[in-house]
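# Coordinate inspection notes
Residue strings, one per chain:
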Amino acid sequence: MRLPLLRVCSRSRTTFTAALLKLTRLSDNANACHFTHSAGPRAQTCKALVYSKHGDPAQVVQLEDIDLPPIGAKDVLVKMLAAPINPSDINMIQGTYAILPDLPAVGGNEGVAEVIEVGSQVNSLKTGDWVIPKDAGLGTWRTEAVLSEEDVISLPNNIPLLSAATLGVNPCTAFRMLSDFEDLKPGDTVIQNAANSGVGQAVIQIAAARGVNTINVIRDRPEFTHLSDRLKAIGATHVIKEEALRRPEIKELFKTCPKPKLALNGVGGKSATELLRHLQIGGSMVTYGGMAKQPVTVPVSALIFKDVKVRGFWVTQWKRDHTSDEGVFRAMLDELCSLIKQGKMTAPICTKFSLQDYSKALEAATMPFTSAKQVLIM
C-alpha cells in the first residue's frame, strides 16, 4: 500500500507537530497535519512504519511506502540513519501519551539523519551534516524525509552513530534535571530509581563527569550483579536494590557520601516515596516518568519537617519553552557531545534491528526488565 504525499506542518510554540512530510502548510495553530493527496508531481518514495489506529504496537504498526514531496526553498532532504524505540513512542502508539498526532502517523520521535540535499534558501545546514529533531512528532521510523530547516538541529558527524541517535531525549532529560533544580557541587549526591534506563545511565555519566555521587536504585533481578557492575563501570557510585531503601544498611551508605540534594523519579508509587525519605532537608524530587503506573505519595512529614520540593519534568515541554532561544539547546548539545568525544558518556546498551525487523524490535522494547535500547538502523 502506498500512502499519499505528506508535508511537515508548521506549529505554534504551544502545539504539537504531528506530521512527517510536506504537502501544503497548515495554519500555525494546527495541532497536526493530515495525510493529504497532492496535485503536484511526486518525487521518490520512502519506507516508513505507519500506524492508522491506536493499540498494541505489534498489531497496529505496518511498514508502508510513502511518497516524498519536492524540496522547498527552506527544506532539507534527509536520510534517516538510526532511530531508537523509546517508551514515549510506545505510549504514543497505544494512545496513552500526553500528545498524540492525527492518524495515520509515522512512529518515532528521536533519531539521527544525514542531510543529502538542501533547499536554495537553507543557511544553517549543508550536505553531509548530521541532524536530530528539535521536537517530537517528526516521525523518525522511516528511511528518508523532507523537513523544514527549522525542525532540526545539527550534531557533529564524528561521534558514534548510536550516541547521536539516542542523544535528543534521554541525555537531554538527564542534563536538564541535573542542572535546573538544585545547585549541585562536586561531592554532592543524587539518588535515582530506574537507574538502568536510558535516562538513568545518562544521569550516572553526566553526574560522574561533574564529580557528583549517584545512588542508583534498580529492581532485583537474576542478573543484578552483572547490571550493577556495568553501571559502576560507567560511573555509578552506589547501586542498590529497591528493598535496600527500607533497610537499616542504607544508613551505612550515607557514611560514605552525603544525603542526596536531588532525587530523580522515573517509577512512581512506593519507590518514589522511599526516595523522598532519604532527601536532605530542602531537597528536591523530580519526576520524569511513571513506569509503575502508580501515583506519587508524599508523606506530610516530608513536607513539614524536611521542606522537600516535589517537581515534574518533561523534556518536550522544555524544548518548546526554549524555541526562541536556540542557544540554550545548542549549548546543551555541545556539552553532551563534548562528553561523548572525551569518552565520558556513551550510548546505552543498544540492540540494533533493521527496519524490516521492526516487529522483533517492538516486541523486545516492551519486554520487562529490558536494559538494552532497541534501535532501528535504516
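Not measured: the values here are computed from a predicted model.

Cut-off values and rules
Residues numbered from 1 in each chain as written. Predicted model: local features only at pLDDT ≥ 70, side-chain atom pairs only at ≥ 80, totals over all residues. Heavy atoms only, no water. Salt bridge = Lys/Arg side-chain N within 4 Å of Asp/Glu carboxyl O. Helix = DSSP H or I, 4+ residues; strand = E, 2+ residues; numbered from the N terminus. Buried < 20%, exposed > 50% of the residue type's maximum accessible area, 1.4 Å probe, protein only. Phe/Tyr/Trp six-rings, centres within 6.5 Å; stacked < 30°, edge-to-face > 60°. Lys NZ or Arg CZ within 6 Å of the ring centre and 35° of its normal. Pairing = 2+ DSSP bridges. Right-handed = clockwise from strand over helix to strand, strands pointing away.

## Quick word on the pattern of salt bridges
Here the structure, examined in full by the defined rule, presents 13 salt bridges. Across the salt bridge formed by Arg 320 and Asp 135, the nearest N and O atoms sit 2.9 Å from each other. Taken together, the residues Arg 320 in helix H10 (residues 315-321) and Asp 135 in the loop between strand E7 (130-133) and strand E8 (144-148) connect sequence positions 185 residues apart. Owing to a relative accessible area of 6%, Arg 320 belongs among the buried residues under this scheme. Between Lys 309 and Glu 182 there is a salt bridge, with the nearest N and O atoms lying 3.3 Å from each other.

## As for the packing of aromatic side chains
Inspection of the entire model under this criterion finds three aromatic pairs. On the basis of an interplanar angle of 85° and a centroid distance of 6.2 Å, the ring pair of Phe 181 and Phe 313 is categorised as edge-to-face. A residue pair is termed long-range when its members are at least 10 positions apart, and Phe 181 in the loop between helix H4 (170-180) and strand E10 (189-192) and Phe 313 in the loop between strand E15 (309-312) and H10 qualify at 132 residues. Each of the two residues, Phe 181 as well as Phe 313, counts as buried. With 6.3 Å between their ring centres and 80° between their planes, Trp 318 and Phe 329 make a pair best called edge-to-face. Residue Trp 318 is located in helix H10, and its partner Phe 329 is located in helix H11 (residues 326-341); the two are separated by 11 residues in the primary sequence. The pair formed by Trp 318 and Phe 329 is uniform in burial state, with each residue classed as buried. One residue, Arg 210, lies across the ring of Phe 175, its end atom 4.9 Å from the ring centre.

## Considering the pairing of E10
The two faces of the sheet receive side chains in turn, since in a regular strand these alternate between them. Neither face of E10 is open: one carries Thr 189 and Ile 191, the other Val 190 and Gln 192, and all of them are buried. Looking at chain direction, E10 and strand E11 (residues 213-218) are connected through four bridges and run parallel. Directly across from Gln 192, in E11, lies its bridge partner Asn 216. You can see the chain leave E10, run along helix H5 (residues 198-209) and come back into E11, and the turn it takes is right-handed. The pairing of E10 with strand E13 (residues 262-265) spans three bridges and is classified as parallel. Pairing of Gln 192 across the sheet is with Leu 264, part of E13.

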